Amino acid sequence: MEEFHRMPCRTEPGRGSIKTGGTGLKNRAAYFGVFTALALIFSYVESLIPIYFGVPGIKLGLANLLIVIFLYKRNAKEALLLSIVRIVLAGFMFANLFSILYSLAGGILSLAVMAFLKKRGTFSVIGVSIAGGVCHNLGQLLVAMLAVETYQVGYYLPVLLNAGIVTGMLIGIVAAEVLKRLKNITF
Amino acid sequence: MKKNDWILIILVAAVAGIFLAVLLLRPEEAVRQVEISVDGELYGRYDLNEDQEISINKTNKVQISEGTAKMTWAECPDQICVHHKEISRTGESIICLPNKIVVSIIGGDATDGGISPDAVSN
């Protein structure tokens, strides 16, 4: 890894300094690849665990751990790109075209809210992650309402809100711990 | 965790709680029926107290027994609606997203709707 950081950056000679590393396009692309791969693995692991709570749409969202970490270590734009790439690839591999639409709605809304709250700085990583989890569910519910042209989602809403809190909190706690340990690593 | 985080949790949980309380405290109607719609259009209404099995467009099967409705079969790969718990309260619904089918419980008598179910019920 040390050697990797020392690699000269040819694409952005002005900015990517050899000693600090991390800001060059090469490093960014490499880390983006690592995170995409990790997110896909997490998606796969999650697809292996079928948990049914009687209500569809509830899952831990392990891959969102990577999105939260990336949001804090990089920026909102790249986290959004990671989220979209992850959803499309995982969707084609482990699910279907239909679920991609739902995931995209949830993922984009969730990331927009997380980026906004992170910028405001009034919440910790856990709070931001909780908001993300809740909004992920809300986004999916909205698309579901549009898709089936019904407003009969009353019973789903409270369950999905609470599920968003729980999953968002779990992801947030882990993300906060990981970020604490990644403090000295810039990428 | 910051104080704001807790406020956020309490706020969202409160909203969920209010929604749930409104739904659960609503007086239950004595006579209920099962309404099935496909792609936003009414497919048929069925008496919740009459045990029957309804097949919808050869893609899904709904079973009504002992006052509850349940999706027993679906041809889609994800099977989310099949794993959905059975429904019996007014307003509860099972949604099959790939086939755009909504099975919901509504109040009222099946005969006063004026719409005869055009499905084959057996």
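Since this is a predicted model, take the numbers as computed values, not measurements. (Residues numbered from 1 in each chain as written. Chains lettered and ligands numbered in written order. Predicted model: local features only at pLDDT ≥ 70, side-chain atom pairs only at ≥ 80, totals over all residues. Heavy atoms only, no water.)

**Concerning the overall build of chain B**
Thinking step 1. Helices and strands together make up the secondary structure of chain B, namely two helices and seven strands.
Thinking step 2. Traced from its N-terminal end to its C-terminal end, chain B shows the element sequence α-β-β-β-β-β-α-β-β.
Thinking step 3. By residue count, 39% of the 122 residues in chain B fall in the buried class.
Thinking step 4. By sequence separation, contacts in chain B at least 24 residues apart represent 41% of the contacts at least 6 residues apart.
Thinking step 5. Counting only carbon and sulfur atoms, one obtains 56% of the accessible surface of chain B, whose full area is about 6,600 Å². (Helix = DSSP H or I, 4+ residues; strand = E, 2+ residues; numbered from the N terminus. Buried < 20%, exposed > 50% of the residue type's maximum accessible area, 1.4 Å probe, protein only. Contact = heavy atoms within 4.5 Å. Areas by Shrake-Rupley, 256 points an atom, 1.4 Å probe, with all protein chains shown as cover.)

**Details of the overall build of chain A**
Thinking step 1. Each helix and strand in chain A was counted, giving seven helices and zero strands.
Thinking step 2. The order of helices and strands in chain A, counted from the N terminus, is α-α-α-α-α-α-α.
Thinking step 3. For chain A, the proportion of its 187 residues judged to be buried stands at 47%.
Thinking step 4. For chain A, the proportion of contacts with a sequence separation of at least 24, taken over those separated by at least 6, is 65%.

**A few points about the pattern of salt bridges**
Residue and element names in this part refer to chain A.
Thinking step 1. Within the structure shown, the criterion is met by seven salt bridges over all chains.
Thinking step 2. Of the charged contacts, one joins E177 and R181 as a salt bridge, the two residues approaching to 2.9 Å between their closest N and O atoms. Of this pair, E177 and R181 both sit in helix 7 (residues 156-181), separated by four residues, roughly a single helical turn.
Thinking step 3. Since its relative accessible area comes to 60%, R181 is described here as exposed.
Thinking step 4. By sharing partners, the salt bridges in this structure join R28, R74 and E78 into a single network. (Salt bridge = Lys/Arg side-chain N within 4 Å of Asp/Glu carboxyl O.)

**Describing the packing of helix 3 (residues 63-73) of chain A against helix 5 (residues 97-120) of chain A**
Residues and elements named next belong to chain A.
Thinking step 1. Between helix 3 and helix 5, whose axes approach to 11 Å, the crossing angle comes to 40°. Between helix 3 and helix 5 lies a crossing whose hand is right-handed. Residues I67, V68, L71 and Y72 of helix 3 pack against L111, M114, A115 and K118 of helix 5. (Axes fitted to C-alpha atoms, helices over the stretch in contact; angles between N-to-C directions. Left-handed = near helix turned anticlockwise from the far one by under 90°.)

**Structural notes on helix 5 of chain A**
All names here are of chain A.
Thinking step 1. Taking 1.5 Å of rise per residue, 24 residues should cover 34 Å, and helix 5 covers 35 Å from first to last C-alpha, within 8% of that figure.
Thinking step 2. For helix 5, the full list of buried residues reads I100, Y102, G106, G107, S110, L111, M114, A115 and L117.
Thinking step 3. Buried-residue contacts for helix 5 involve helix 3, helix 4 (76-94) and helix 6 (125-148).
Thinking step 4. At the exit of helix 5 stands G121, carrying a positive phi of roughly 75°. (Expected span 1.5 Å × (residues − 1).)

**Regarding the interface of chain A and chain B**
Thinking step 1. Listed as interface residues are 32 residues of chain A and, on the opposing side, 35 residues of chain B.
Thinking step 2. Overall, the association of chain A and chain B removes approximately 2,900 Å² of surface from exposure, summing both partners, and the carbon and sulfur fraction of that is 70%.
Thinking step 3. At the junction of chain A with chain B, the criterion picks out zero salt bridges.
Thinking step 4. Counting residues per element, the ones that place at least two in the side of chain A that touches chain B are helix 5, helix 6 and helix 7 of chain A.
Thinking step 5. A total of eight residues in the side of chain A that touches chain B trace back to one element, the largest contributor, which is helix 6 of chain A.
Thinking step 6. When grouped by side-chain class, the residues that make up the side of chain A that touches chain B number 21 nonpolar, 10 polar and one charged. (Buried area = accessible area lost by both parts, 1.4 Å probe. Nonpolar A, V, L, I, M, F, W, Y, C, P; charged D, E, K, R; others polar.)

**Side note on the pairing of strand 3 (residues 52-56) of chain B**
Residues and elements named next belong to chain B.
Thinking step 1. Here strand 3 shows a buried face lined by Q52, I54 and I56 and an unburied face lined by E53 and S55.
Thinking step 2. Bridge count between strand 3 and strand 4 (residues 60-65): five bridges; the pairing is antiparallel. Considered in strand 4, the bridge of Q52 is made with I64.
Thinking step 3. In sequence, strand 3 turns back onto strand 4 through a hairpin of three residues, with N57 there showing a positive phi of about 45°. (Pairing = 2+ DSSP bridges.)

**Considering the side chain of E46 of chain A**
Residues and elements named next belong to chain A.
Thinking step 1. Within the secondary structure layout, E46 lies in helix 2 (residues 25-48).
Thinking step 2. The side chain of E46 is buried and forms no salt bridge, while K59, the nearest opposite charge, is found at 4.3 Å.
Thinking step 3. Polar contacts involving the side chain of E46 include one to the main-chain amide nitrogen of L62, which spans 3.1 Å. (Lys, Arg positive; Asp, Glu negative; His and termini not counted. Polar contact = N/O pair within 3.5 Å; in protein donor to acceptor, adjacent residues only side chain to side chain.)

**Focus: the packing of aromatic side chains**
Residue and element names in this part refer to chain A.
Thinking step 1. Applying the stated criterion across every chain, the model contains three aromatic pairs over all chains.
Thinking step 2. Arranged with centres 4.8 Å apart and planes meeting at 45°, the rings of F35 and F70 form a pair that is tilted. Taken as a pair, F35 in helix 2 and F70 in helix 3 lie far apart in primary sequence, 35 residues in all.
Thinking step 3. Judged by relative accessible area, which is 0%, F70 ranks as buried.
Thinking step 4. Here the aromatic rings of Y44 and F94 are separated by 5.3 Å at their centres, their planes lie at 40°, and the arrangement is tilted. (Phe/Tyr/Trp six-rings, centres within 6.5 Å; stacked < 30°, edge-to-face > 60°.)

**Here we look at helix 1 (residues 3-25) of chain B**
Thinking step 1. Spanning 23 residues, helix 1 of chain B covers 32 Å between terminal C-alpha atoms, matching the ideal 33 Å at 1.5 Å per step.
Thinking step 2. Taken together, the buried positions of helix 1 of chain B are D5, L8, I9, V12, A16 and L23 of chain B.
Thinking step 3. On its buried face, helix 1 of chain B is in contact with helix 6 and helix 7 of chain A.

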